[in-house]
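Architecture and fold: a report
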Amino acid sequence: DAKTTQPTSMDCAEGRAANLPCNHSTISGNEYVYWYRQIHSQGPQYIIHGLKNNETNEMASLIITEDRKSSTLILPHATLRDTAVYYCIVSGAGGTSYGKLTFGQGTILTVHP
Amino acid sequence: SAVISQKPSRDICQRGTSLTIQCQVDSQVTMMFWYRQQPGQSLTLIATANQGSEATYESGFVIDKFPISRPNLTFSTLTVSNMSPEDSSIYLCSVVPQGTYEQYFGPGTRLTVT
């Protein structure tokens, strides 16, 4: 699986949009970009995933660049409960790598009042 | 979606002993995974435990140390054998419901080995 690079930490004011970047310059054509988050002392939580098109769900939006070498997770209106470690993961959609997630160190997002 | 429970939620064990961790899912799933999260670290995949086949282990993890059972589509166990303090970690199971790309994680089992 392709390696990802994320900033170690970011801050965001409550109510503002949180934009979390991720670089994945070695991504292969059949690999998806996944975002998970881990709130302290809990198991990771799925947020969103995408292949090449931008995606949006009730939690967040995912913007993938045209060359697919980077992406941005957007939390449109961050709340204090969004404080967590956010993981950007690149993983294949089939074959022996299906479902196997390689977690990096992630980005610690702190939302402050 | 899938709701996952794990038992025990935490335990303190003596070195040299073994602990079996249970993972129960509220729906039938084929794909199940076991992860380890060492203190202050990210998650590392231990093995894939698909029903109907032997568990497959990632590099650095062996069956003798982490035997896994998967007797049916809703249940799995991971045993941490002959424990040492280095095994102190949070152990998590996860599943991928068929037809989805979303992985759901259990709450984890916090293991401390003294």
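Below, the structure is looked at part by part. Just so it is clear, the model here is predicted, and its values are computed rather than measured.

1. Topic: unusual backbone geometry
Along the chain, B:K7 connects to B:P8 via a cis peptide bond; the corresponding omega equals -10 degrees. You can see B:P8 is positioned in the loop between β1 (4–7) and β2 (10–13). One non-glycine residue, A:S41, lies in the positive phi region at around 70 degrees. Along the chain, A:S41 falls in the loop between β3 (31–38) and β4 (45–50). Residue A:R68 is not a glycine yet carries a positive backbone phi of 65 degrees. Secondary-structure assignment places A:R68 in the loop between β6 (61–64) and β7 (70–75).

2. Description of the sheet that holds β1(B)
Residue and element names in this part refer to chain B. Across the sheet, 4 strands lie side by side as β1-β3-β8-β7; this open sheet has antiparallel pairing. Each of the sheet's edge strands pairs with one partner strand only, and the pair in question is β1 and β7 (68–72). The average angle at which neighbouring strand axes cross in this sheet is 15 degrees, direction not considered. With 4 bridges connecting them, β1 and strand β3 (residues 19–25) associate as antiparallel partners. In the sheet register, Q6 faces β3, and the bridge partner there is C23.

3. As for the interface of chain B and chain A
Counting residues at the interface gives 20 residues for chain B, matched by 18 residues for chain A. Taking both partners together, chain B and chain A bury about 1,600 Å²; carbon and sulfur atoms supply 54% of that area. There are 1 salt bridge connecting chain B and chain A. A salt bridge links B:E58 to A:K100; the nearest nitrogen and oxygen atoms lie 3.1 Å apart. Connecting chain B to chain A are 6 residue pairs in polar contact (both at pLDDT 80 or more). Counting residues per element, the ones that place at least two in the side of chain B that touches chain A are β4 (31–37), β5 (43–48) and β9 (89–96) of chain B. In terms of residue count, the dominant contributor to the side of chain B that touches chain A is β4(B) (4 residues). Taken together, the residues of the side of chain B that touches chain A break down into 10 nonpolar, 7 polar and 3 charged.

4. Topic: the state of the cysteines
All names here are of chain A. For the structure on display, the rule yields 2 disulfides over all chains. Paired through a disulfide, C22 and C88 show a sulfur-sulfur distance of 2.1 Å. The sign of the -80 degrees torsion about the S-S bond sets the C22-C88 disulfide as left-handed. Here C22, found in strand β2 (residues 18–23), pairs with C88, found in strand β8 (residues 84–92); they are 66 residues apart in sequence, far enough to count as distant.

5. What to know about the nonpolar core
Counting residues in hydrophobic clusters, the biggest one holds 26 residues, and the most contacted among them are B:W34, B:I46, B:Y91, B:V95 and B:L111. Elements with a contribution of two residues or more to this core: β3, β4, β5, β8 (75–80), β9 and β11 (109–113) of chain B. Ranked by residue count, the leading element in this core is β3(B), at 4 residues. Here B:L111 is in contact with B:D11, B:C13, B:L19, B:V80, B:M83, B:D87, B:S88, B:S89 and B:Y91, once residues within four sequence places are set aside. If you look at the next biggest cluster of nonpolar residues, it comprises 21 residues, including A:I27, A:L73, A:Y86 and A:C88.

About the criteria used
Residues numbered from 1 in each chain as written. Chains lettered and ligands numbered in written order. Predicted model: local features only at pLDDT ≥ 70, side-chain atom pairs only at ≥ 80, totals over all residues. Heavy atoms only, no water. Helix = DSSP H or I, 4+ residues; strand = E, 2+ residues; numbered from the N terminus. Pairing = 2+ DSSP bridges. Axes fitted to C-alpha atoms, helices over the stretch in contact; angles between N-to-C directions. Contact = heavy atoms within 4.5 Å. Buried area = accessible area lost by both parts, 1.4 Å probe. Salt bridge = Lys/Arg side-chain N within 4 Å of Asp/Glu carboxyl O. Polar contact = N/O pair within 3.5 Å; in protein donor to acceptor, adjacent residues only side chain to side chain. Nonpolar A, V, L, I, M, F, W, Y, C, P; charged D, E, K, R; others polar. Disulfide = S-S within 2.5 Å. Core = buried A, V, L, I, M, F, W, Y, C linked by side-chain atoms within 4.5 Å. Buried < 20%, exposed > 50% of the residue type's maximum accessible area, 1.4 Å probe, protein only.

Purely spatial values, then, with no claim about function.
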